[in-house]
Amino acid sequence: MDNVGQGGGYYGQWAYLYCFGGPTSANGTIALNAELKNVIRYLSPNSAYFKTKPTVTKVAFGSPWDQVIDSGTPAVMPIVRIPMTGSCYLYDIDTDMNNAAVYREIIDLIVKELTSNGIAVVLDLHWNCPDTTKISGCTGAQAAMALKNYGNNPGSLAFWNALSSKYGSNPLVLYELYNEPWIQEFNPWYDGDSTWAGMKEMYGVIRKNAPQSLVIIGGKDQYALDPQSGLAFHVKYHQETGSYPTNIVWNIHPYVGAAQGLEHSLRSAMRIALALKQIGPVIFTEFGQYCCGSKGTPCRGGTCSDHLHGDWFVYNIVNMAEQYDLSWIGWAWRGTNVNNANRPCADGMTECNQPDMRDTGGVLTDGSHAGADWQTVWSTFVSASSIMVNDASPNNIAKSDPQVKGFLPRPCIVGQFNLGGICGYDLNTRITDLDYTVWITQSLYDSILPGLPPSGNCTGQGCPSYQCQTYTCLLYT
């Protein structure tokens, strides 16, 4: 909740006017504003803007790359992610209202409105506490991991217990355990400790209240860009319990531009996704570009640091998702983005130099101000009844080659995109036959991953004219 100093005449007014809802007056009821209807317009199932059963024509890869492509087309479900702050939901200590019920009621109204319209919702523990917090010891903003306690109060486990108890019977509610971990150590990420709530702990809390709900988990490194953690989770959980974790969706957050390295690139995202698909479905709950594609013409300004791979990154990520059956949620739709001192862009426009989706009037942006041309992405891949996967410049495999609009990476190793060039596990390898410690000792930058063809010959995982390094390959087949 906001305060008067952030632009409201009363506490909560700014949220009601410019976000998605809040108190209608100083002592008024909690209500949604009209902004959520803009989101619902684009996501209503089987409307002019959203098709749940499109016909998708995938690119016909030759052998052996066709071994990882499913010829079928899965049904499509509209979905919205709600980033949340744990302490605000439980306690709301950081507002003068000191009334978490207001925060909870706003979230509940949004969840009910979306799910009643057939739109799934991801409840995302985005932050433990606000960036500036009165809670002693509660790291605000992007902490390394979910906190076990918010100051002297129960923290992330209590947060997930409250939410899964409330929504566990709603199959359209999903739970993203923690946004972009960067704790780097496997044990506290997995098991937790006195400071951190582990992924296994949070998963267990939700499973008690919501046995069948989908749970989304991101890896311990590089802000949800670590496949090894997910593979180790899957194997260790089975070793400990004798059963496999159920209904987990593995999360990746690729971005291009600003300070992101090539490990965030399209080709690396593909390789990470194919590795995680060996143990379950994969979703990008965030992705975006700082490079600008204004109405189909890539721009050369703003904060873009990688025009070769970034001018069409969002378009190409969604194109790749259609080919490889990956789920995605774009970043982000922030309400009306009213002008303020921290974001000096024109009122109603997308977040200045940020990869937002919304533009003036509550419509998808065309990339005129910053970021991607989401209008073109939507009309090509979401609202169309017939989708044709693009395949532009397929031979552009080197780091120095541009990834043009419609570029589609092949499932092979190049070795120039920050994941290393080591041949991975053979496609026939049973992940659960390996010990989990195999994964936690790896670095993202020297990845030995499963999921790439050809089956029966891991030395052939290199792209044409590129031979992956084979000094470990035979040990793992």
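Everything below is about the structure printed above this text.
Predicted model only: the values in this text are computed from it and were never measured.

Enquirer: Explain the overall build of the protein chain to me, and be specific about the residues and the numbers.
Expert: Summing up its helical and strand segments, the protein chain has 13 helices and 19 strands in all. The contacts in the protein chain between residues at least 6 apart in sequence include a share of 69% that link residues at least 24 apart. Surface accessibility of the protein chain: about 18200 Å² in total, with carbon and sulfur atoms responsible for 50%.

Enquirer: Break down the sheet that holds strand β8 (residues 173-176) for me, with residues and values.
Expert: Pairing in this open sheet of seven strands is parallel, and the strands run β4-β5-β8-β9-β10-β12-β16 from one edge to the other. Two strands bound the open sheet, and with one partner strand each, they are β4 (79-85) and β16 (327-328). Two strands pair when backbone bridges link them, and strand β5 (residues 120-127) and β8 are joined in this way by four bridges, in the parallel orientation. Bridge pairing in β8 links Val122 to Leu174.

Enquirer: Tell me about the packing of helix α8 (residues 227-241) against helix α9 (residues 266-276), residues and numbers included.
Expert: α9 packs onto α8 with a crossing angle of 0° between their chain directions and a minimal axis gap of 9 Å. Taken together, α8 and α9 sit at an angle that is classed as roughly parallel. Together, Pro227, Gly230 and Leu231 of α8 and Ile272, Ala275 and Leu276 of α9 make up the contact between the two elements. For the contact of α8 with α9, the residue count by class is five nonpolar, one polar and no charged.

Enquirer: So what about the side chain of Thr285? Which residues, and what values?
Expert: Topologically, Thr285 is positioned in the loop between β12 (282-284) and β13 (288-289). A residue is classified by how much of its surface remains accessible, and Thr285, at 0% relative accessible area, is buried. A distance of 3.2 Å separates polar atoms of two side chains, one belonging to Thr285 and the other to Glu176. When residues no more than four places from it in sequence are discounted, the contact partners of Thr285 are Arg81, Glu176, Ile216, Asn251, Ile252, His253 and Ile329.

Enquirer: Break down the state of the cysteines for me, citing the residues and quoting the values.
Expert: With the rule as written, the count across this model stands at three disulfides. Across the disulfide from Cys129 sits Cys138; the S-S distance is 1.8 Å. Taking the torsion about the sulfur-sulfur bond, which here is approximately 90°, the covalent link between Cys129 and Cys138 counts as right-handed. Just as Cys129 is buried, Cys138 falls in that class too. Cys88 carries a free sulfur, and the closest cysteine sulfur to it, the one in Cys129, is 7.7 Å from it.

Enquirer: Residue-level account of the packing of aromatic side chains, with values.
Expert: The geometry of two aromatic rings is summed up by the distance between their centres and the angle between their planes. On inspection of all chains with the given rule, the structure shows 28 aromatic pairs. Aromatic pair Phe233 and Tyr237: ring centres 6.0 Å apart, planes at 5°, arrangement stacked. Placement of both Phe233 and Tyr237 in helix α8 is noted, with a separation of four residues, approximately one turn of the helix. A single burial state applies to Phe233 and to Tyr237, both of which are buried. When the centroid spacing of 6.5 Å and the interplanar angle of 80° are considered together, the rings of Trp312 and Tyr315 count as edge-to-face. Exposure class is identical for Trp312 and Tyr315. Each is buried. By the ring-pair criterion, three or more aromatic residues cluster together here, those being Tyr42, Tyr49, Phe284, Phe287, Trp328, Trp333, Trp374 and Trp378. Cation over ring: Arg104 sits above Tyr89, and NZ or CZ is 5.9 Å from the ring centre. When the ring centre of Tyr315 is taken as reference, the NZ or CZ atom of Lys405 above it lies at 5.2 Å.

Enquirer: Any details on the nonpolar core? Residues and values, ideally.
Expert: Leu123, Trp160, Met320, Tyr324, Trp374 and Trp378 are the most contacted members of the largest nonpolar core, which has 123 residues in total. Setting aside chain neighbours within four positions, we find Trp374 in contact with Phe287, Val314, Trp328, Gly330, Asp356, Met357, Leu364 and Thr365. Ranked by size, the runner-up nonpolar core spans eight residues in total, among them Ile79, Ala120, Ile216 and Ile329.

Enquirer: How would you sum up α8? Please name residues and give values.
Expert: Taking 1.5 Å of rise per residue, the 15 residues of α8 would be expected to cover 21 Å, and the 22 Å separating its terminal C-alpha atoms lies within 8% of that figure. Among the residues of α8, those classed as buried are Pro227, Gln228, Ser229, Gly230, Leu231, Ala232, Phe233, His234, Val235, Lys236 and Tyr237. You can read the cap of α8 off the contacts: a side-chain oxygen lies 3.1 Å from the backbone nitrogen of Gln228, and it is on Asp226. Immediately downstream of α8, the backbone of Gly242 shows phi near 80°, a positive value.

Enquirer: Could you give an account of the pairing of β8, with specific residues and numbers?
Expert: Alternating positions in β8 separate into two faces, Val173 and Tyr175 on one and Leu174 and Glu176 on the other, with burial throughout. Pairing of β8 with strand β9 (residues 215-218), which is carried by two bridges, proceeds in the parallel orientation. Residue pairing across strands places Tyr175 opposite Val215, the latter belonging to β9.

Enquirer: Any details on helix α7 (residues 199-209)? Residues and values, ideally.
Expert: Among the residues of α7, Met199, Met202, Tyr203, Val205, Ile206 and Arg207 are the ones counted as buried. Buried residues along α7 sit against α5 (156-167), β8, α6 (186-190), β9, α8 and β10 (248-251).

Enquirer: Now, about unusual backbone geometry: what can you tell me, with residues and values included?
Expert: Following Ser63, the chain continues to Pro64 via a peptide bond in cis, the omega torsion being 5°. Note on placement: Pro64 falls in the loop between β3 (55-57) and β4. Residues Pro453 and Pro454 are joined by a peptide bond in cis, for which omega reads 10°. Of note, Pro454 is situated in the segment after α13 (437-440). A positive phi angle is found at Glu180, which is not glycine, with a value near 50°. Note that Glu180 resides in the loop between β8 and α6.

Procedures and definitions
- Residues numbered from 1 in each chain as written.
- Predicted model: local features only at pLDDT ≥ 70, side-chain atom pairs only at ≥ 80, totals over all residues.
- Heavy atoms only, no water.
- Helix = DSSP H or I, 4+ residues; strand = E, 2+ residues; numbered from the N terminus.
- Contact = heavy atoms within 4.5 Å.
- Areas by Shrake-Rupley, 256 points an atom, 1.4 Å probe, with all protein chains shown as cover.
- Pairing = 2+ DSSP bridges.
- Axes fitted to C-alpha atoms, helices over the stretch in contact; angles between N-to-C directions.
- Parallel < 35°, antiparallel > 145°, perpendicular 65-115°, else oblique.
- Nonpolar A, V, L, I, M, F, W, Y, C, P; charged D, E, K, R; others polar.
- Buried < 20%, exposed > 50% of the residue type's maximum accessible area, 1.4 Å probe, protein only.
- Polar contact = N/O pair within 3.5 Å; in protein donor to acceptor, adjacent residues only side chain to side chain.
- Disulfide = S-S within 2.5 Å.
- Phe/Tyr/Trp six-rings, centres within 6.5 Å; stacked < 30°, edge-to-face > 60°.
- Lys NZ or Arg CZ within 6 Å of the ring centre and 35° of its normal.
- Core = buried A, V, L, I, M, F, W, Y, C linked by side-chain atoms within 4.5 Å.
- Expected span 1.5 Å × (residues − 1).

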